[in-house]
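Survey of secondary and tertiary structure
These are the residues of each chain, in order.
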Amino acid sequence: MAETVKDPPAATPSSTGLRGVVVGASTVSDVIGDKGQLIYQGYDIHDLANHSNFEEVAFLLWNKRLPKQNELEELKRALGASYRIPNEVIEVLRHTPADADPTDVLRTAVSSLEFYDSKARDISVEASRGAAIKLTAQFPTLVAAADRLRRGLEPVDPLPHENIATNFLYMLKGERPSAADAKLFDVCLILHADHELNASTFTARVVAGTLATVYASVVAAIGALSGPLHGGANTNVMKTLLEIGELDRVESYLKSALAAKRKIMGFGHAVYKTEDPRATHLRQFSKETGERAGNTKWYEMSRKLEELMMREKGMYPNVDFYSASTYYMMGIPLDLYTPIFAVSRITGWTAHILEQYADNKLIRPRADYVGPRDVAYVPIEQR
Ligand code: COA
C-alpha cells in the first residue's frame, strides 16, 4: 500500500478520524457507501452470501480469484490439518482469569501462538500465506477452547474434516450443530470477512508496514477490533436489547437514550449512507433463528428499534445490529460476539497484510500540530 493521500484536506484535526482520506490502493474489498454495496475482489457480497462458503471466500480474499475444485479441497485439507492448537497455548488459556474478556484472551493467545510457529518471523509470500491459513484455522479453536475452560469444561478436539463453521459450533457446544445453524453461521462468517480499511484492518496494515510479523499485525488488529465503536458494538447491541427487555418498552427507551445524547449501538456507519448490505442478510437470520427457537421477541424488538431509529434519526442498522439477536438465538454467549467477528475477519486482515507486504512502504502520516511553540523551559524548582 503506497503512502499517498489523494486530495488531502488542508488541515486534518484529529477529530475527523481520516474520513474520506484515501491512503492507498487495494483489491481486497470495496465499500460503496452511497449504494450500500460491498464487494470482495470484485464479487458482490450478496452473490457470495447466497452461493459461496467461507473457505472459498478465504481463498478469494488471499488469491484475488475463486478457487477451482481441487484448490478448494486442498485449502480445506490445509485448514483442517491446522485446527489443533499447541498444548502450550491451551495452558496459556488455562491460566487466564475466568472473568477475562474473551476478545482480550484471543489477543493474548494469538500472541503466544507465534512462539510455536517456527516460520513466524519469515514474511516471505509463502510463509505469510501459511500463517494466514494457520491463524484462520486456529482462531475458532482458540475462541471455543477459551470459552469452555472458563466454564470449567475441557476443550473439545476439532473435527479436521468439517468446515470452520460446523467445527466452531461443535467445539463451542460439544455437540454437532444442526445443518441449518451451521449453514447460517457459515454465511455470517462470509459477511464479516472483510470491509476495506476499517479500523482493525488499517491497524493490521500499519503494523505489517513496519515489516513486523503476520502475528504481530493480527494481535494489533484484535486490539483495535475490541473497542465498542468497532467490533465491540455487537455485544453492546444485545446488552441494550436485554436492558430494554420488552417490545412495548422500545420506544420509551429510545426516546430517553436519544434525549441523553447516547449512541444506540448497531446503528450508523462511517461509510454507508444507506442500508449496510450485510444487515439485509442478518435481519433475515435474526428472524429465522428466532422462529426456529420459537422466540421471535428479540427480532421483533430489533425491528421496532430499527423503525424508530429511522424515524427519529434517519439512521440504518449496521452489521452488528442483527448479528446480536442472531447469535443470541443460537445460544452463543454475549461476550463471544466480538471474538466471532475475529474468527471471520482474520481472513480479511491477512489478505490485507499479504497485500501490504507485496508492495510495502512504511505508513507514517503527519499530524497537524496545533500545540504551542517556542515555549521556554522552566527548571522544576521554579514551576
Ligand atoms: N446512535 C445515535 N446517534 C448516532 C449514532 C448512533 N449509533 N451514530 C452516530 N450518531 C450521531 C452522533 O451522535 C453525531 O451526532 P451529532 O452530530 O449531533 O453530535 C452524528 O450522528 C455523527 O456521529 P459520528 O460518530 O461522528 O458518526 P460517524 O459516521 O463518524 O461514526 C460510527 C460511525 C459507527 C462510529 C457511529 O455511527 C457509532 O458510534 N455507532 C455506534 C457503534 C457501532 O454500532 N459501531 C459498529 C460500526 S460497524
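As shown above, the structure is provided for reference.
Now for a description of the structure that goes with this document. Being a predicted model, the structure only gives us computed values, none of them experimental.

Things to note about unusual backbone geometry
Excluding glycine, a negative phi dihedral is what most residues carry, and trans is how most peptide bonds are arranged. Despite not being glycine, K64 shows a phi value in the positive range, around 65°. Considering the arrangement of structural elements, one finds K64 in the loop between helix 2 (54-63) and helix 3 (69-82). A positive phi angle, close to 60°, is found at K261, a residue other than glycine. Secondary-structure assignment places K261 in the loop between helix 12 (250-259) and helix 13 (277-293).

Overview of the packing of aromatic side chains
Taken as a whole, this structure holds 7 aromatic pairs when the rule is applied. The interplanar angle of 80° and the centroid separation of 5.6 Å between the aromatic rings of W298 and Y328 together place this pair among those described as edge-to-face. Here W298 is found in helix 14 (residues 297-313), whereas its partner Y328 is found in helix 15 (residues 319-329), with 30 residues between them in sequence. W298 gets classed as buried once you look at its relative accessible area, which sits at 8%. When its relative accessible area of 28% is taken as the criterion, Y328 is described as partly exposed. Pairing F321 with Y322 gives two aromatic rings, centres 4.9 Å apart and planes at 80°, and the pair type is edge-to-face. By way of ring pairs, the aromatic residues F168, F185, Y327 and Y337 are connected into one cluster.

What counts, and at which threshold
Residues numbered from 1 in each chain as written. Predicted model: local features only at pLDDT ≥ 70, side-chain atom pairs only at ≥ 80, totals over all residues. Heavy atoms only, no water. Helix = DSSP H or I, 4+ residues; strand = E, 2+ residues; numbered from the N terminus. Phe/Tyr/Trp six-rings, centres within 6.5 Å; stacked < 30°, edge-to-face > 60°. Buried < 20%, exposed > 50% of the residue type's maximum accessible area, 1.4 Å probe, protein only.

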